[in-house]
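A closer look at the structure
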Amino acid sequence: MIPIVDPQQYCIMHPTDANSTGHSANSLTFRPLGMPEVPTLDSTFGSLLVGTFISLILYGVSLYQLYRYLHHSYRQDSKTVKVFVFSTISLETLLTLATVLSCYHYLVVNHSNPSALVRGIWSFDSLSLLAGLTMALAQCFFARRVYILRPKLYPLAAISILFALTAFVLSAVATVKNSTAVRLDPSSYVVLDATGFGAGIVSDTLTTSVLIAVLRQSRTGWRRTDRVIDRLILYCINTGLLTVIFDILALAFGVSYPNDLFDFGIAIVAAKVYSNSLLAILNALLGSSRRWAGTPRAQGARGIRQCARAQSAATSPLDNHGGDRHADEHFAGIFIILLQ
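For the structure given in this document, a descriptive report is provided here.

It is worth spelling out the overall build of the chain at this point. Looking only at helices and strands, the chain features 11 helices and 2 strands. Listing each helix as α and each strand as β along the chain from the N terminus yields β-α-β-α-α-α-α-α-α-α-α-α-α. Looking at the chain as a whole, 46% of its 340 residues qualify as buried. Contacts spanning at least 24 positions in sequence make up 73% of the contacts within the chain whose residues lie at least 6 apart. Carbon and sulfur atoms make up 65% of the accessible area of the chain, which amounts to about 17,100 Å² in all.

Take a look at the structure:
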């Protein structure tokens, strides 16, 4: 029996329209007149789901980094560093919960309710805010490193923080706009997202470049200290380059595919990369300080200061290693500043 369709209740989607929604072009589909057009899943919530999978892996890496930090250098670090670490982990946990709840709501609870895909919920609306705040916190952490290494460079650190806060404010505006919208419309946030990712790119590039320049100027000419400085420079290049790459990808996909959620999925992963970079730098500083001091007890600024004093006391000012002693004291000062 051929089903009878009431033309007053349903509209017919032609083959060309069916192709745009993922249906076969050989058959006609019907959509209720009062029902909004449903977005395709593969490029919207499918990309969000893939980003959630990758971010969960990176969240596990962050927890491992946190374990290393708590086990080795938590007690020796300053209160400011501890605030940065625990704030970053807390935001990352909230972002993980929000992404998982969003995927569960749209793809499990409402799997047979396509109209729910165009309505926002609190967990989905908060993704931009949580990701933007996580990125801004990590960017401010690295900009602060620039200031404490070279106080004369405070204008560059201030500019980097300004761009980081600009990206966060734009993400907050997008969150408010999304929570008050009648239906989800990713294309209405293209300008906000593009400007925010662009500000993040400028902040990361400026901070990483200045950190590398300062570390290169801190080379002492002695093999033992320069080797560790080169390792720190390599960490800065890798972490800074990785965050910039993800910001560029999110910017490119957001502009190229304004009606999809590719940039959302990339932004979620980028937030995890930022938090991992912060923890990785702290653990790298700890490992480098131990290798430089030659003892596993050199934890935090206090341990490095004690090792530097011991090495200085063991070196006579009359022997031929006076320059090496001066290099040790200078390098110990760099580590103490970086760990503050």
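Moving on: empty space enclosed by the protein. Over the atoms, a rolling probe the size of a water molecule traces out where space has been left empty. All told, the structure shown has 6 cavities of 30 Å³ or more when counted by the stated rule. Roughly 310 Å³ of internal volume is contained in the largest cavity. As for the largest cavity, its lining consists of 22 residues, and the residues nearest its centre are Ser 128, Gly 132, Ser 171, Phe 197 and Ala 267. Contributions of two or more residues to the lining of the largest cavity are made by α5 (127-149), α6 (154-180), α7 (190-217) and α9 (262-293). Here the lining of the largest cavity gets 7 residues from one element, more than from any other, and that element is α5. When residues of the lining of the second largest cavity are traced back to their parent elements, those giving at least two are α5, α7, α8 (223-256) and α9.

This paragraph deals with the packing of aromatic side chains. A full pass over the atoms with the stated rule returns 9 aromatic pairs. Note on Phe 253 and Phe 262: the rings are 5.7 Å apart at their centroids and 50° apart in plane angle, and the pair reads as tilted. Counting every residue linked through ring pairs, the aromatic cluster contains Phe 45, Tyr 106, Phe 124 and Phe 264.

What follows covers the packing of helix α3 (residues 79-109) against α5. Helix-helix packing: each pair is described by the crossing angle between the helix axes and the interaxial distance. It is at 9 Å that the axes of α3 and α5 come closest, and there the two elements cross at 160°. Relative to α5, the element α3 lies roughly antiparallel. Handedness of the α3/α5 crossing: left-handed. Of the residues in α5, those in contact with Thr 80, Val 81, Phe 84, Ser 87, Thr 88, Leu 91, Glu 92, Leu 94, Leu 95, Ala 98, Thr 99 and Ser 102 of α3 are Leu 127, Leu 130, Ala 131, Leu 133, Thr 134, Leu 137, Cys 140, Phe 141, Arg 144 and Arg 145. Residue composition of the contact of α3 with α5, grouped by class: 13 nonpolar, 6 polar and 3 charged.

Turning next to the side chain of Thr 134. Tracing the backbone through its elements, the reader meets Thr 134 in helix α5. Classification of Thr 134 by relative accessible area gives buried; the value is 1%.

Here Gly 265 lies in helix α9. Considering only alpha carbons, one finds Gly 265 and Ile 54, 211 residues apart in sequence, at a separation of 9.2 Å. Not counting residues within four places of it along the chain, the set of residues in contact with Gly 265 comprises Ser 47 and Gly 51.

With that out of the way, let us pick up a nonpolar patch on the surface. Where nonpolar side chains cluster on the molecular surface, the patch consists of Ile 237, Leu 241, Ile 245, Leu 249, Phe 253 and Tyr 257 and spans about 500 Å² of accessible area. Mapped onto the fold, Ile 237 is located in helix α8. Judged by relative accessible area, Ile 237 falls into the partly exposed class, the value being 35%.

The next thing to look at is the nonpolar core. Across soluble globular proteins, nonpolar side chains have a tendency to be buried as a group. In terms of nonpolar packing, the biggest core is built from 52 residues, with Phe 45, Val 85, Phe 124 and Leu 127 touching the most fellow members. Looking at this core, the elements that each hand over two or more residues are α2 (45-72), α3, α5, α7, α8 and α9. Leave out the neighbours within four places in its chain, and Leu 127 touches Leu 48, Leu 95, Ala 98, Thr 99, Ser 102, Phe 264 and Ile 268.

Look at α6 against α7: their axes get within 8 Å of each other, and the N-to-C directions meet at 155°. The orientation of α6 relative to α7 falls into the category roughly antiparallel. Crossing angle aside, the handedness with which α6 passes α7 is left-handed. Contacts between α6 and α7 pair Leu 156, Ile 159, Ser 160, Phe 163, Ala 164, Thr 166, Ala 167, Leu 170, Val 173, Ala 174 and Lys 177 from the former with Leu 192, Thr 195, Gly 196, Ala 199, Gly 200, Val 202, Ser 203, Leu 206, Thr 207 and Val 210 from the latter. Its residues assigned to classes, the contact of α6 with α7 comprises 13 nonpolar, 7 polar and 1 charged.

Turning to its location among the elements, Gly 200 is positioned in helix α7. Each C-alpha atom of the pair Gly 200 and Met 135 lies 8.1 Å from the other, and the pair is 65 residues apart in sequence. If near-sequence neighbours (up to four positions away) are discounted, Gly 200 is found in contact with Gln 139, Ala 167, Asp 247 and Tyr 274.

Rules used in this analysis
- Residues numbered from 1 in each chain as written.
- Predicted model: local features only at pLDDT ≥ 70, side-chain atom pairs only at ≥ 80, totals over all residues.
- Heavy atoms only, no water.
- Helix = DSSP H or I, 4+ residues; strand = E, 2+ residues; numbered from the N terminus.
- Buried < 20%, exposed > 50% of the residue type's maximum accessible area, 1.4 Å probe, protein only.
- Contact = heavy atoms within 4.5 Å.
- Areas by Shrake-Rupley, 256 points an atom, 1.4 Å probe, with all protein chains shown as cover.
- 1 Å grid on protein atoms, 1.4 Å probe; cavity = no way out; pocket = protein on both sides within 12 Å on 5 of 7 lines; lining within 4 Å.
- Points joined across faces, edges and corners; volume = space filled by probe spheres on them.
- Phe/Tyr/Trp six-rings, centres within 6.5 Å; stacked < 30°, edge-to-face > 60°.
- Axes fitted to C-alpha atoms, helices over the stretch in contact; angles between N-to-C directions.
- Parallel < 35°, antiparallel > 145°, perpendicular 65-115°, else oblique.
- Left-handed = near helix turned anticlockwise from the far one by under 90°.
- Nonpolar A, V, L, I, M, F, W, Y, C, P; charged D, E, K, R; others polar.
- Patch = residues over 30% accessible without salt bridge, like charges linked within 9 Å, V, L, I, M, F, W, Y side chains within 5 Å.
- Salt bridge = Lys/Arg side-chain N within 4 Å of Asp/Glu carboxyl O.
- Core = buried A, V, L, I, M, F, W, Y, C linked by side-chain atoms within 4.5 Å.

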